[in-house]
Amino acid sequence: MDGGDGAEGGQAVDTTVDEFATYEDFLDSQIRPIDLYYLEDEELARELVELGYCGTHNEIMKREEFAARKRALELSRNPPTTTTSIAVSDGKDLRHSPFLQQLASREASNRGGKMMTIIFIRARNTLQQEISGYIDYAHRLKTDNFGPYFNGEKRFLPRPSDLSYYNWDTQTVTSNTTANYEVIAEDTTGLIFKNRRDRKLVIVDPSAPSPGDSTQRHVFRTKEYLQVVFYDHLPRRKVIMAATNS
């Protein structure tokens, strides 16, 4: 059976992107050891792969195409129903904002509960005050209107109501438990977040050897913000094994 086909009787759906959680993972798969040897910069290597100047050249796929294939695959597995939330980013022209492209590539998975992403953002607000915070993306998708964000009318920033928030100028500090995460304050490692579905810990300390079980850490460099880090957690569901008689 060909693993690249979609539902039986329907149009074939490309499952190539299924093995990559993010576009950065796809770019990393195209980077050759010799590229890193000469460039000595992983981010530069990713940019050159995206432009087609280096890498394995097995397939050159732009961010928009990657996100579109991700959404098509998600829809093929979970067809929209009256109770299914449609991705607000669908059909939006996000070429002006690499950051919004990142949000769009994760939107369907976070809305559907397959991924629960924590986003760390450090930026300046409208008063030019430096702020930072950890955002429960899935929670914000349910409680916030993302139309203005994806339309470029509003900037996506941390809020005092997010998992954590810090205003470096006013010294305002807040932390909040959401529907998906509990906030655990540790003296030695800083903040740790516990997923409320599978009880797994998401460790945001950059010096930690791992961000936690079933979590991937992605540093995203962009001129749109001072700092952005994605923590993509894939929550595990409890599986009840039924006893069978031989």
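Just so it is clear, the model here is predicted, and its values are computed rather than measured.

So, how was this worked out
- Residues numbered from 1 in each chain as written.
- Predicted model: local features only at pLDDT ≥ 70, side-chain atom pairs only at ≥ 80, totals over all residues.
- Heavy atoms only, no water.
- Helix = DSSP H or I, 4+ residues; strand = E, 2+ residues; numbered from the N terminus.
- Buried < 20%, exposed > 50% of the residue type's maximum accessible area, 1.4 Å probe, protein only.
- Contact = heavy atoms within 4.5 Å.
- Areas by Shrake-Rupley, 256 points an atom, 1.4 Å probe, with all protein chains shown as cover.
- Core = buried A, V, L, I, M, F, W, Y, C linked by side-chain atoms within 4.5 Å.
- Arc of directions from axis to C-beta.
- pLDDT = per-residue confidence, 0-100.

Novice: Can you tell me about the overall build of the chain, naming the residues and giving the values?
Specialist: Within the chain, the regular secondary structure consists of seven helices and nine strands. The 246 residues of the chain split such that 42% are buried. Excluding contacts between residues fewer than 6 apart, the proportion of contacts in the chain whose partners are at least 24 apart in sequence is 52%. For the chain, the accessible area works out to roughly 14,100 Å², and carbon and sulfur atoms hold 50% of it.

Novice: Any details on unusual backbone geometry? Residues and values, ideally.
Specialist: Positive phi is not limited to glycine here, since Q128 has a value of about 65 degrees. Residue placement: Q128 occurs in the loop between β1 (116-124) and β2 (130-136). We classify Q128 as exposed; its relative accessible area is 52%. The phi dihedral of Q171 is positive, around 65 degrees, even though this residue is not glycine. The residue Q171 is located in the loop between β3 (164-167) and β4 (172-175) in this model.

Novice: Please provide a residue-by-residue account of the nonpolar core, values included.
Specialist: One finds F99, L103, I119, I121 and F156 to be the most contacted residues of the largest nonpolar core, which totals 22 residues. Those elements that place two or more of their residues in this core are α5 (98-112), β1, β2, α6 (137-143), α7 (147-150) and β9 (227-233). For this core, the leading source of residues is α5, giving four residues. In this structure I121 touches F99, I131, S132, G133, I135, F156, P158, Y225, Q227 and V228, once residues within four positions along its chain are discounted.

Novice: Requested: an account of helix α3 (residues 42-51), with residues and values cited.
Specialist: The set of residues buried in α3 consists of E43, A45, R46, V49 and E50. Along the axis of α3, the buried residues cluster in a sector spanning 160 degrees; they form a single face. Positive phi shows up at G52, right after α3, with a value of about 85 degrees.

Novice: An account of the confidence of the model for the chain is needed here, citing residue identities and associated values.
Specialist: Of all residues in the chain, 81% attain a pLDDT of 70 or more, and the chain-wide mean is 81. Taken as a whole, residues 1-11 scores under 50 in pLDDT and shows ten contacts with residues more than four places along the chain or in a different chain. Taken as a whole, residues 239-246 scores under 50 in pLDDT and shows zero contacts with residues more than four places along the chain or in a different chain.

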